[in-house]
Amino acid sequence: MAILVTGGAGYIGSHTVAALLERGEEVVVLDNLQTGHREALLGGKLYEGDLRDKAFLAKLFAENSIDAVIHFAANSLVGESMKDPVKYYDNNVFGTLCLLEAMNAANVRRIVFSSTAATYGEPEKVPIEESDRTEPTNVYGETKLMMERMMSWFDKVQEIKYVSLRYFNAAGAHDSGKIGEDHQPESHLIPLVLQTALKQRPHIAVFGDDYATEDGTCVRDYIHVSDLADAHLRAVDYLRKGENSNVFNLGNGQGFSVKQVIETAKKVTGLDIPVVQEPRRAGDPAVLVASSAKARSVLGWNPTRTNLEDVIQSAWSWHQSHPNGYGKN
């Protein structure tokens, strides 16, 4: 029996594929390579195609004995989602509907879903718990919440059990140095800072220094990508035991400010990182930190790479060896 990983050639998807292979699982990957990279796959059987192609999806399920699905495939840029909502509803929501339809037809009853902290919107309190209000402030977060709700109804009506993993800021790279973070365009803080250290960018912009935080800059919860991958494997095991559908936050439970990230990156790289102060961006909450107590208790998940310096060091090793991303060095 195989595990199907949709979006498996992406950043978190490829690290999860690597973790599955390391423990001897048979892996099938579905990716349209729109944002993923063939070179990021350390193994598994790749089907290049689109979730919304129902005939393609039916063929994939017919040709493989799928035990469970881990679903990463989605567009995920907040800014883009506010400019092109049709793209996000079509790819994220309709794509997931097609996947669930194909799973039901093939009698596959387990799915682990890559969700996001963006489902919460402006937090009511910190740290954020799974029972907190969900009121997304952007189209991306709204589509992810719709996908969760869709899975809940498919559970009630068709008994497809799901685990939704709402994670915060993924960072870092695989211990082997073979895979890491390569987005075009890049929007995440740590790779942007490291690209600045490599002089691929003239400076790093800091948006706002007057937040109600210790140093005035936004605070975020950074979780190492390999710890995220481990949580997905634990979620598969949880469903294999016949447990009920559930939702879990994934984070360190501690926050680091933008300035802390930049200063730590300077220490790790030993290089100057020019900073330019910019006005606040609309919709940026001051603090986003997860409570992961539920995932620790129920899934037995314990992140092992919680030191910010270690996270940035692993990312730096990747960026040094892949300064231009996959297949271009």
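Residue numbers here run from 1 along each chain, matching the order of that chain's written sequence. In keeping with the predicted nature of the model, local features appear solely for residues at pLDDT of at least 70, side-chain atom pairs appear and are counted solely at 80 or more, and the whole-chain, interface and lining totals rest on all residues. Each side-chain value is derived from all of the structure's non-hydrogen atoms; neither hydrogens nor water enter the calculation.

Moving on, we get to the sheet that holds strand β6 (residues 161-167). Taken in spatial order, the seven strands line up as β3-β2-β1-β4-β5-β6-β11 in an open sheet, and their pairing is parallel. Both outer strands of the open sheet, β3 (45-48) and β11 (246-250), are each paired with one neighbouring strand and no more. Averaged over all neighbouring strand pairs, the angle between strand axes comes to 20 degrees, with direction disregarded. By the convention used here, residues are in contact when the closest approach between their heavy atoms is within 4.5 Å. To define axes, lines are fitted to C-alpha atoms, for helices over the stretch in contact only, and angles between the resulting N-to-C directions are given on a 0 to 180 degree scale. Elements are defined by DSSP. Helices are runs of H or I of four residues or more, strands are runs of E of two residues or more, and each kind is numbered from the N terminus. Along the sheet, helix α7 (residues 225-240) makes contact with β1 (2-6), β4 (66-71), β5 (110-116), β6 and β11, crossing β6 at roughly 160 degrees. One bridge is not enough; two strands pair if DSSP finds at least two bridges between them.

Here the focus is the packing of aromatic side chains. Working definition: rings of Phe, Tyr and Trp (its six-membered ring) pair if their centres are within 6.5 Å, and the pair is stacked with planes under 30 degrees apart, edge-to-face with planes over 60 apart, and tilted otherwise. This structure, assessed with the given rule, holds three aromatic pairs. When the ring of Y47 is compared with that of F56, the centres are 6.4 Å apart and the planes differ by 65 degrees; the resulting orientation is edge-to-face. Take Y47 and F56: they sit in the same class, and that class is buried. Residues W318 and Y326 carry aromatic rings whose centres are separated by 4.9 Å and whose planes lie at 50 degrees to one another, so their mutual orientation is tilted. A 1.4 Å probe rolled over the protein chains alone gives each residue an accessible area, and that area as a share of the maximum for its type sets the label: buried under 20%, exposed over 50%, partly exposed in between.

What follows covers the UniProt feature "domain: NAD-dependent epimerase/dehydratase" (unreviewed entry) in the chain. UniProt positions are given in the numbering used here, feature names are shortened, and annotations may be inferred rather than shown by experiment. Feature annotation in UniProt assigns "domain: NAD-dependent epimerase/dehydratase" (unreviewed entry) to the following positions: residues 3-251. Helix makes up 38% of residues 3-251 and strand 20%, and the two end C-alpha atoms of the span are 24 Å apart.

Time to look at helix α4 (residues 85-105). Helix span is expected to be 1.5 Å times the residue number reduced by one. Here α4 is 21 residues long and its end C-alpha atoms lie 29 Å apart, about the 30 Å a rise of 1.5 Å per residue gives. The set of residues buried in α4 consists of Y88, N91, N92, V93, G95, T96, C98, L99, L100, A102 and M103. Contacts made by the buried residues of α4 are with β1, α2 (54-63), β4, α3 (78-83), β5 and α5 (139-158). Positive backbone phi, approximately 60 degrees, marks N107, located one or two places after α4.

The strand order across the open sheet built from three strands is β12-β9-β14, with neighbouring strands paired in mixed fashion. On the outer flanks of this sheet lie β12 (256-257) and β14 (287-288), each paired with one strand and no other.

Empty space within the second largest pocket amounts to approximately 180 Å³. Counting residues per element, the lining of the second largest pocket draws most heavily on α7, which supplies five residues. We call Asp, Glu, Lys and Arg charged. Ala, Val, Leu, Ile, Met, Phe, Trp, Tyr, Cys and Pro are nonpolar, and the rest, Gly among them, are polar. Classifying every residue of the lining of the second largest pocket by side-chain character gives four nonpolar, four polar and five charged. Using protein atoms alone on a 1 Å grid, points that fit a 1.4 Å probe yet trap it form a cavity, whereas open point sets bounded by protein on both sides within 12 Å along at least five of seven lines form a pocket; residues with an atom within 4 Å of a point count as lining. Grid points are joined across faces, edges and corners, and a volume is the space filled by probe spheres set on the points.

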